[in-house]
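A look at the structure
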Amino acid sequence: MEFALIGVIGIVVLVVVSAFSKQLGIAAPLVLLVLGVAISYLPLVPSDFVVPSWVILSAVLPPLLYAAAIQVPLMDFRRNLGVISALSVVLVIVTALIIGFVLYMVFPDLDLAAGIALGAVVSPTDAVAATAVAKRLGLPSRLVTVLEGESLVNDASALVLLKSALAATAATVATVNIGEVVGHFALSVVIAIVVGLVVGVVTVFVRSRLNDPVLETAMSFAVPFIAYIPAESLEASGVLSVVVAGLYTGHNAARKFSAQARIAERLNWRTAQFVLENGVFLLMGIQLKSIIAGVESHPAGYDVWGCILLGLLLCLLLLLIRGLFIVPIVLRLRSVQRRAAGLRGRFDDGIDRLKERPVPETEQGQRRFSRVTRYLERRSADITDMQDSSIGWRGGAVLTWAGMRGVVTLAAAQTIPRETPYSYQLIFIAFVVAVVTLLGQGGTLPLLIRWLKVSGSDAVADRRELATLLEELSEAGLAALEKPEIPLADGQDVDEAVVERVRKDTLLRVEAEWERAEFDESEEETVGPHLQYRALRSLVLDAEREALLEARSRGNYSSRILTKAQSMLDFDESRMAQREGDV
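Below is a summary of the structure that appears in this document. (Residues numbered from 1 in each chain as written. Predicted model: local features only at pLDDT ≥ 70, side-chain atom pairs only at ≥ 80, totals over all residues. Heavy atoms only, no water.)

For any pair of aromatic rings, geometry is given as the distance between the ring centres together with the angle between the planes. Per the counting criterion, the structure on display carries four aromatic pairs. Clustering of aromatic rings is evident, with ring pairs tying together Tyr66, Phe221 and Trp269. (Phe/Tyr/Trp six-rings, centres within 6.5 Å; stacked < 30°, edge-to-face > 60°.)

Turning next to unusual backbone geometry. For Glu235, which is not glycine, the phi torsion reads 60° and is therefore positive. Structurally, Glu235 can be placed in the loop between helix H11 (223-233) and helix H12 (238-256). Here the phi dihedral of Lys453 falls at roughly 55°; this positive angle occurs in a residue that is not glycine. Relative to the assigned elements, Lys453 resides in the loop between helix H19 (423-452) and helix H20 (459-482). (Helix = DSSP H or I, 4+ residues; strand = E, 2+ residues; numbered from the N terminus.)

This paragraph deals with a positive patch on the surface. Among the surface-exposed residues, Arg332, Arg334, Arg338 and Arg339 lie close enough to one another that they form a single positively charged patch. Relative to the helices and strands, Arg338 is located in helix H15 (residues 304-356). (Patch = residues over 30% accessible without salt bridge, like charges linked within 9 Å, V, L, I, M, F, W, Y side chains within 5 Å. Areas by Shrake-Rupley, 256 points an atom, 1.4 Å probe, with all protein chains shown as cover. Salt bridge = Lys/Arg side-chain N within 4 Å of Asp/Glu carboxyl O. Lys, Arg positive; Asp, Glu negative; His and termini not counted. Charge placed at Lys NZ, Arg CZ, Asp CG, Glu CD.)

The full count for this structure, using the stated rule, is six salt bridges. Between Arg322 and Glu150 there is a salt bridge; the shortest N-O distance is 2.8 Å. Within this pair, whereas Arg322 is found in helix H15, its partner Glu150 is found in helix H8 (residues 141-167), the two being separated by 172 residues in sequence. The exposure classification of Arg322 matches that of Glu150, with both residues buried. With its nearest N and O atoms 2.8 Å apart, the salt bridge here joins Lys163 to Glu232. Placement of the pair is Lys163 in helix H8 and Glu232 in helix H11, with a sequence separation of 69 residues. The exposure class of Glu232 is partly exposed, given its relative accessible area of 25%. (Buried < 20%, exposed > 50% of the residue type's maximum accessible area, 1.4 Å probe, protein only.)

Mapped onto the elements, Asp155 comes out in helix H8. Buried within the structure, Asp155 lacks any salt-bridge partner; its nearest side chain of opposite charge belongs to Arg405, at an N-O separation of 9.2 Å. Beyond its immediate chain neighbours, meaning those up to four positions away, Asp155 contacts Leu61, Leu65, Pro124, Thr125, Val239 and Val408. (Contact = heavy atoms within 4.5 Å.)

If you walk through the whole model with that rule in mind, you get two cavities of 30 Å³ or more. Taken as a whole, the largest cavity encloses approximately 70 Å³ of empty space. Taken together, Val51, Pro52, Ser53, Ile56, Val280, Leu283, Met284, Gln287, Val407, Leu410, Ala411 and Gln414 form the lining of the largest cavity. Looking at the lining of the largest cavity, the elements that each hand over two or more residues are helix H3 (53-69), helix H13 (259-286) and helix H18 (407-413). In this model, the second largest cavity occupies a volume close to 30 Å³. What lines the second largest cavity is Leu159, Val160, Lys163, Glu232, Ala236, Ser237, Gly238 and Val239. Ranked by residues supplied to the lining of the second largest cavity, first place goes to H8 with three residues. (1 Å grid on protein atoms, 1.4 Å probe; cavity = no way out; pocket = protein on both sides within 12 Å on 5 of 7 lines; lining within 4 Å. Points joined across faces, edges and corners; volume = space filled by probe spheres on them.)

What follows deals with the side chain of Asn154. Position of Asn154 relative to the elements: it lies in helix H8. Judged by relative accessible area, Asn154 falls into the buried class, the value being 0%. Those residues in contact with Asn154 that lie beyond four places of it in its chain are Ser88, Val92, Pro124 and Thr125.

With that out of the way, let us pick up helix H16 (residues 363-388). With 26 residues, H16 should reach 38 Å at 1.5 Å per residue; the first-to-last C-alpha distance of 37 Å fits that figure. Within H16, burial applies to Gly365, Thr373, Leu376, Ser380, Asp382, Ile383, Thr384 and Met386. (Expected span 1.5 Å × (residues − 1).)

Let's shift gears to the environment of Ser258. Mapped onto the secondary structure, Ser258 falls in the loop between H12 and H13. Distance from Ser258 to Glu216, taken between C-alpha atoms, is 9.8 Å for residues 42 residues apart in sequence.

What follows is about the packing of H3 against H11. H11 packs onto H3 with a crossing angle of 125° between their chain directions and a minimal axis gap of 9 Å. One way to sum up the angle between H3 and H11 is to call them oblique. The element H3 and its partner H11 pack so that their crossing is right-handed. Residues Leu57, Ser58, Ala59, Pro62, Pro63 and Tyr66 of H3 touch H11, and the partners they reach there are Val223, Pro224, Phe225 and Tyr228. Among the residues forming the contact of H3 with H11, the class breakdown is nine nonpolar, one polar and no charged. (Axes fitted to C-alpha atoms, helices over the stretch in contact; angles between N-to-C directions. Parallel < 35°, antiparallel > 145°, perpendicular 65-115°, else oblique. Left-handed = near helix turned anticlockwise from the far one by under 90°. Nonpolar A, V, L, I, M, F, W, Y, C, P; charged D, E, K, R; others polar.)

Quick look at the structure:
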């Protein structure tokens, strides 16, 4: 009963804080972290309250990363793979080694391997607060993709490096085989990718055969653990396996799953992600008192204030390392952007020459022709995206400042064996780094974005791009109506009036989107026919819902008929809300 009450109170706190944080313009995780710290000093909270590390790393992190991975467009992830790989793998290793050496020099009884272990602990970034701020302020989508992609992969890199470092803590510096550590790291990554792909392929196939949105969504809740457990059993990165499975599932959802299944999965996973993301930050703050108590009971020559000072110094060092690492990345991106114009011209010329050639007559030749054309168009689109959404110095500054540490840092720190010298101090230092970066960098990130005047995509341009895409889709749909092949009874022909009705409905969506784009660009307040239609349709839906409630109160119709009618109205209302961008 007590656990149920705690759970209910926790959910209420998450909802209330998140609702108010939107009005205050502050990321909810930051508010929950501060609230958790305050709660930790209440008399009702046990002084030894600590969330076991396996709860975060094995029970919370897999579904949390899976929920984020299925929402990351694979196209954007592919286009930014170089930057994401550099930040999530190379920067993690560099950071762990530098921080490890600094700690090795500061703590006299700490061996280098244990220092690198803590370096691995504080190396992964937590993009929850950063992306919340980025999306609210409308940062460029490429910056958001890099932040999300880095956060997805660097957890895996850091945890694999942590395992290798902890395995070497019993050895002396002279006997640590660097090649063996690197080999174990590479093997762990390869196994994790293979396991994640296999799990993604199999689970997508199974779910596509269920033909039931409820069963498919229920199955999706098991996928993160299906990917995580085998990879961990093979001593690989279960976290990376989950990310790979999530990316594969999200990319193939449009092709393999029904619309109802995709909608149900998206809403359910957004809810799960909300509870897990915000809940772990609240728990993170509540553990402060017990962590401080551990340092006070095991001073080992470094008290609380000494650990806080060292944690602050590590925060500055982490920021410096990240900033220096991002400088060559920005230089490289600017160099690629300068060469992109020439490359784009070559690909466009190749596409034009290819279109001038006759299409091969054989089926194999047509497939090859289609693959080559698609490859050239994709490369041209990649170059266009590189030119239109480059990461300059201002974007690099935002990437540097957005490198906050979070829950994974604290949970990973608690895996450090207690027999390790200064283990309680190391855990507290990791907590200081996480809290200071979250509150300091996370709290000032909106100010930095506004000061640098980093803006996202143009809403009007996005509206026009959407209208152009819908026009392309409608052309394909109208082409299918030229010779519709649908089975009718007794060889009956399709009624031309029905075909014309479908044609008008198809064109209506495109016309409405172009009207909205022109309305956004116009300074006049004239409301076009399609906007008037939506307003009138909303008025009709409100009246119909009132009539339904009246009919239910009278009891003239059976409950099953009332439920069906309500579902139909809900569907129509949901479509209206989606077209308005509310969902």
